[in-house]
Protein chains: 2
Amino acid sequence: MFGGKQSPMNSRHNPSGNRAALIAVGSELLSLGRVDTNGVWITERLQRLGIDVRMRTIVDDDEVRIAQALRAGVEHADVLVVTGGLGPTDDDRTRESLAAAFGLELTRDEALVERLRGRFAERGYPFHDEQARQADKPASAEWLRNRVGVAPGVYLEHEATRIALLPGVPAEMKSIWEEELAPRLTGLAGVARRTATLRVAGRTESSVDREIGDLYEAEGLEITLLAGAGELTVHLIARGAADEVAAQRLASAKQRLTQRLGADLFGEDDASLAGAAGRLLAESGLDLAVAESCTGGLLGGALTAVPGSSAWFKGGVIAYSNELKVLLAGVDPDLLAAHGAVSEEVARGLASGVRARAGADLGIGITGVAGPGGGTAEKPVGLVHLALSGGGEEEAWHLNLPGDRDAVRRRAVFSALDRLRRRLLQR
Amino acid sequence: MFGGKQSPMNSRHNPSGNRAALIAVGSELLSLGRVDTNGVWITERLQRLGIDVRMRTIVDDDEVRIAQALRAGVEHADVLVVTGGLGPTDDDRTRESLAAAFGLELTRDEALVERLRGRFAERGYPFHDEQARQADKPASAEWLRNRVGVAPGVYLEHEATRIALLPGVPAEMKSIWEEELAPRLTGLAGVARRTATLRVAGRTESSVDREIGDLYEAEGLEITLLAGAGELTVHLIARGAADEVAAQRLASAKQRLTQRLGADLFGEDDASLAGAAGRLLAESGLDLAVAESCTGGLLGGALTAVPGSSAWFKGGVIAYSNELKVLLAGVDPDLLAAHGAVSEEVARGLASGVRARAGADLGIGITGVAGPGGGTAEKPVGLVHLALSGGGEEEAWHLNLPGDRDAVRRRAVFSALDRLRRRLLQR
């Protein structure tokens, strides 16, 4: 999953203003095999701003160790982002560690205490005294407003470093990042950088790698390939002395990749395959219904994750039992008896049946053996039959998927969405 | 998500030999959202040996920053494990950083150089001079044999810290760990440890925190609370001089928590709420159907993530459009017209309608405004109506959920599963 290839300029290039350090605070991040997902997210967002992460530290709730990590961060970085340890309980020590690390004094913002008290009262929660700790900050710092949760973030500049303390709860961290912190960091990196992520379906990492080999040599361009569940992403970073140079390099690389990847390229940056299919549905004025057996609703879940999906998605049937395949999705019971639930015939029956029942233009049917049980020699775990019906055409295909129950189901959903997308592209 | 509380003994309790620091070296680990999987693996292996990771640092290929991380590690840890930066290329700097950090001198092991040269010759690879760098180590260090790859690991004791340098390639690191390093660390911590995770629904972190306050003082017990999307987890680590002491402390803590949390406790370790509800369905001999609007199939997806769910889950309807709420889920169109799609009446109609259509014992209906669009003053984003029908009883409830589209939908699914579970518990 994490294979990659990079041009060597990545490590040589070091202009001022673009070095970041991240600190994640929380004993739980160290003890339970948990992944610091905040750090991954922040790294990607900093990259968009042209800022490289040079050091990431995960540290437990110990004030001395947090303070040491803070000092190391200020020594090595222009931007230091700390997540976690801002809550009200006694082991939330990030504020105190900041003060200790840099000889600052914490003062309590009584106006903020009153606002917090008011918010708790509104929601009918008791306000315990320790909650007021969340209103402590050094006098030289500013608040970063938290619209999602209680504890605000803290921002200050110390020596030449911009320091932000953010809550560890991802939704709160992200909200503060987007609304309060990103604007303060924009334009900080001296070298211009433009980045893009291209999202690819239906290709392996090695096939793309071979095809774009010459692009690895392009000046000021860094390419990394990452493979996910069905999806492949091509990450591009173009650098230049001036923004227009970086922009031109990126545009040129994107153009060349777009040509070579053709219909396998389904989107850029945060695009999802469901979003790409949905946009094509919207453009074509068609709508869709689904009938899912082994995926149990995950295809519908992926489609409805797209805001505005009600314009082109009608819904459908979770046809998990054979009974509901007949009753709600309109599959012919004779087909079920003759071919079994996991069969091309039943996939076709689900697709055309739900299309008819829902009065939709297009219908998708999925039926398979997700495992771990239920496999036979003839129909092993990982066998999934899919069908797409509508537009005067009906097609069926099947997959033999590796991996566990979760992987089989997610890859089946990906395949359904990609086939739908390609069908719509051909129109 | 990462709020937490721990008994103060966590930071005070410091028997010698049980504190570890990890350092992962490599610029590539800091770019593009890559996860340091070695660190996760090593953390888990150290836990088995009774050793806690107190600090994890990921640092780029910069000799100064690596050396600083090494010094911080020795200052805070009894065991310091470094992965990466041991290869032959110029940006592999771990050996040099170790020497610089502690004032040691690197000497080349010429016998090892000859062995490496022989291995390359055997495989028909050219042996470039820079390969010989892999035979450099401080005189006070030992080699850790690498049976999988080329570069051996390095082991030394500096001040009171045991330091291991391991290759970053996971297969090589793991092989050296198992064969060479784990034997050197076994018995170091001098304590036995047992762990468990309890999963809780329907409680806030602070309410549990207050209720179990006295348990934080229990001898040899460490408690951490973590809040997720609806769920709260209580992580327990019990320690003792002997394994039976740790086991007895864990059992006692689990018993006390089980009593106090009552029906709010839904499972242990990897249990899911859907799995807990499913088990109760199976025990009661009842089955379930669902009709989902705003969650679009995610409830079905969660239920069918449980292996064997076909025994108690029939499926249902993704009633995303109003048309399908009527056509497939059997909602009375007059109710829709009178109250709107997001209403208690329609939630009830979905639950009872899908139950009747599917011939199921129980039915769940969900309808809400997931956002970001579609909210009004009367029905804002985050408003979700749910209903549970069957067993001679019908109940409806609603939620006003914070967060983005994804968070609203996931919390709605969690609430539906938890209400189902509680209904089944009451039987």
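Since the model is a prediction, treat every value here as computed from it, not as a measurement.

1. Brief notes about the packing of helix H4 (residues 63-76) of chain A against helix H3 (residues 63-76) of chain B
Step number 1: For the pair H4 of chain A and H3 of chain B, the least separation of the axes is 12 Å and the interaxial angle reads 170 degrees. Classed by the angle they form, the pair H4 of chain A and H3 of chain B counts as roughly antiparallel. Note on element contacts: H3 of chain B touches H4 of chain A through Arg65, Gln68, Ala72 and His76 of chain B, opposite Arg65, Gln68, Ala72 and His76 of chain A.

2. Structural notes on the sheet that holds strand S13 (residues 288-292) of chain B
Step number 1: Reading across from one edge, S17(A)-S16(A)-S15(A)-S13(A)-S14(A)-S14(B)-S13(B)-S15(B)-S16(B)-S17(B) is the order of the 10 strands in this open sheet, with mixed pairing throughout. The sheet is open, and its two borders are formed by strand S17 (393-400) of chain A together with strand S17 (393-400) of chain B, each paired with just one other strand. Strand after strand, the sheet turns through a mean of 15 degrees between neighbouring axes, direction not considered.
Step number 2: Across 5 bridges, the pairing between strand S13 (residues 288-292) of chain A and strand S15 (residues 362-368) of chain A is parallel. By the bridge assignment for S15 of chain A, Ala291 of chain A is matched with Gly365 of chain A.
Step number 3: Along the sheet, helix H14 (residues 344-358) of chain A makes contact with S13, strand S14 (313-318), S15, strand S16 (383-390) and S17 of chain A, crossing S15 of chain A at roughly 145 degrees.

3. Digging into the interface of chain B and chain A
Step number 1: With 75 residues of chain B at the interface, the matching set in chain A holds 75 residues.
Step number 2: The element that contributes the greatest number of residues to the side of chain B that touches chain A is strand S2 (residues 52-59) of chain B, accounting for 8 residues.
Step number 3: For the side of chain B that touches chain A, the class distribution of residues is 30 nonpolar, 26 polar and 19 charged.

4. Examining helix H5 (residues 94-102) of chain A
Step number 1: Listed as buried for H5 of chain A are Thr94, Arg95, Ser97, Leu98 and Ala101 of chain A. The buried residues of H5 of chain A occupy an angular sector of 165 degrees when projected down its axis, which confines them to one face.

5. Considerations on the sheet that holds strand S11 (residues 231-240) of chain B
Residues and elements named next belong to chain B.
Step number 1: With antiparallel pairing, the 4 strands of this open sheet are ordered in space as S10-S11-S9-S12. Each end of this open sheet is capped by a strand with a single partner; those strands are strand S10 (221-227) and strand S12 (265-268). Strand-to-strand twist across the sheet, computed as the mean angle between neighbouring axes with direction ignored, equals 25 degrees.
Step number 2: The pairing of strand S9 (residues 192-201) with S11 spans 10 bridges and is antiparallel. By the bridge assignment for S11, Leu198 is matched with Val234.
Step number 3: The sheet strands contacting helix H9 (residues 273-284) are S9, S11 and S12, and the helix crosses S12 at an angle near 105 degrees.

6. Side note on the packing of H4 of chain A against H5 of chain A
Axes are the key here: two packed helices are described by the angle between their axes and the distance separating the axes.
All names here are of chain A.
Step number 1: Taken N-terminus to C-terminus, the directions of H4 and H5 make an angle of 55 degrees; their axes are 8 Å apart at the nearest point. Our classification of the angle between H4 and H5 gives oblique. Considering how the two elements wind past one another, H4 and H5 form a crossing that is right-handed. In this structure, H4 uses Glu63, Ile66, Ala67, Leu70 and Arg71 to contact H5, whose residues at the interface are Thr94, Glu96, Ser97, Leu98, Ala100 and Ala101.
Step number 2: Grouping the constituent residues of the contact of H4 with H5 by class yields 6 nonpolar, 2 polar and 3 charged.

7. Some points on the pairing of strand S10 (residues 221-227) of chain A
Residue and element names in this part refer to chain A.
Step number 1: In terms of residue burial, S10 counts as a mostly covered element, since 5 of its 7 residues are buried.
Step number 2: Sheet topology places S10 next to strand S11 (residues 231-240); 7 bridges connect them, and they run antiparallel. Considered in S11, the bridge of Ile223 is made with Leu236.

8. Overview of the nonpolar core
Step number 1: With 147 residues, the main nonpolar core has Val317 and Leu350 of chain A together with Val317 and Leu350 of chain B as its most contacted residues.
Step number 2: Once residues within four sequence positions are removed from consideration, Val317 of chain A is found in contact with Ala291, Leu324, Leu328, Ala329 and Val354 of chain A together with Gly315, Val317 and Leu328 of chain B.
Step number 3: Membership of the second largest hydrophobic core comes to 85 residues, among which are Ala21, Leu22 and Val25 of chain A together with Ile66 of chain B.

9. Thoughts on the pairing of strand S2 (residues 52-59) of chain A
Step number 1: By the criterion of burial, S2 of chain A is predominantly enclosed, with 8 of the 8 residues buried.
Step number 2: Both strand S1 (residues 19-25) of chain A and S2 of chain A contribute to a ladder of 7 bridges, which runs parallel. In the strand pairing of S2 of chain A, Ile23 of chain A is matched with Thr57 of chain A.
Step number 3: As paired elements, S2 of chain A and S2 of chain B share 5 bridges and run antiparallel to each other. Of the residues in S2 of chain B, the one forming a bridge with Ile58 of chain A is Arg56 of chain B.

10. Here's the deal with H3 of chain B
Step number 1: Its 14 residues give H3 of chain B an end-to-end C-alpha distance of 20 Å, which sits within 8% of 20 Å, the value for a rise of 1.5 Å per residue.
Step number 2: Those residues of H3 of chain B that sit buried are Arg65, Ile66, Ala67, Gln68, Ala69, Leu70, Ala72, Gly73 and His76 of chain B.
Step number 3: Buried residues belonging to H3 of chain B abut S2 and H4 of chain A together with strand S1 (19-25), S2, strand S3 (79-83) and helix H4 (94-102) of chain B.

11. A closer look at the domain arrangement of chain A
Interfaces are frequently sized by the accessible area removed from exposure as the parts join.
Residues and elements named next belong to chain A.
Step number 1: The domain boundaries assigned to chain A delineate domain 1 (17-185), domain 2 (192-268) and domain 3 (273-426).
Step number 2: Its C-alpha centre places domain 2 at a distance of 31 Å from the equivalent point of domain 3.
Step number 3: Counting residues at the interface gives 8 residues for domain 2 and 12 residues for domain 3.
Step number 4: Of the residues belonging to the side of domain 2 that touches domain 3, the class tally is 4 nonpolar, 3 polar and 1 charged.

12. A few points about the confidence of the model for chain A
Residues and elements named next belong to chain A.
Step number 1: With 95% of its residues at a pLDDT of 70 or more, chain A has an overall mean of 90.
Step number 2: Throughout residues 1-15 the model reports pLDDT below 50, and contacts reaching past four residues in sequence, or to other chains, amount to 31 contacts.
Step number 3: Model confidence for the complex is summarised by a pTM of 0.76, with the ipTM given as 0.76.

13. Digging into the environment of Leu383 of chain B
Residue and element names in this part refer to chain B.
Step number 1: Tracing the backbone through its elements, the reader meets Leu383 in strand S16 (residues 383-390).
Step number 2: Sequence separation between Leu383 and Ala192 is 191 residues; the distance between their C-alpha atoms is 48 Å.
Step number 3: When sequence neighbours within four positions are dropped, the list of residues in contact with Leu383 reads Val342, Gly368, Val369, His398 and Asn400.

How each quantity is defined
Once a new chain begins, its residue numbering starts again from 1 and follows that chain's sequence as written. In the order they appear in the text, chains get letters beginning with A and ligands get numbers beginning with 1. The predicted origin of the model limits local features to residues at a pLDDT of at least 70 and limits the giving and counting of side-chain atom pairs to 80 or more, whereas totals for whole chains, interfaces and linings rest on all residues. Interaxial angle, 0 to 180 degrees, is taken between N-to-C directions of lines fitted to C-alpha atoms, where a helix line uses only the stretch in contact. Secondary structure elements follow DSSP: runs of H or I of four or more residues count as helices, runs of E of two or more count as strands, with numbering from the N terminus. Each angle receives one of four descriptions, namely roughly parallel if under 35 degrees, roughly antiparallel if over 145, roughly perpendicular if within 65 to 115, and oblique otherwise. Here the contact rule is simple: place C-beta atoms from the backbone, and any two residues whose C-beta atoms are within 7 Å are in contact. Strand pairing requires that DSSP identify at least two bridges connecting the strands. Think of it as three bins: nonpolar holds Ala, Val, Leu, Ile, Met, Phe, Trp, Tyr, Cys and Pro, charged holds Asp, Glu, Lys and Arg, and polar takes everything else, Gly as well. Counts of 20 or more other C-beta atoms within 10 Å of a residue's own C-beta define buried residues, counts of 12 or fewer define exposed ones, and intermediate counts define partly exposed ones; C-beta atoms are placed from the backbone. As used here, the arc belongs to the directions running from the helix axis to the C-beta atoms. Should the near helix be turned counterclockwise from the far one by less than a right angle, the crossing is left-handed, whereas a clockwise turn marks it as right-handed. Nonpolar core, as used here: buried Ala, Val, Leu, Ile, Met, Phe, Trp, Tyr and Cys residues forming one set through C-beta atoms within 7 Å. Multiplying one less than the number of residues by 1.5 Å gives the expected span of a helix. An automatic or database domain assignment supplies the start and end points of every domain. Per-residue confidence from the predictor is reported as pLDDT, a score between 0 and 100.

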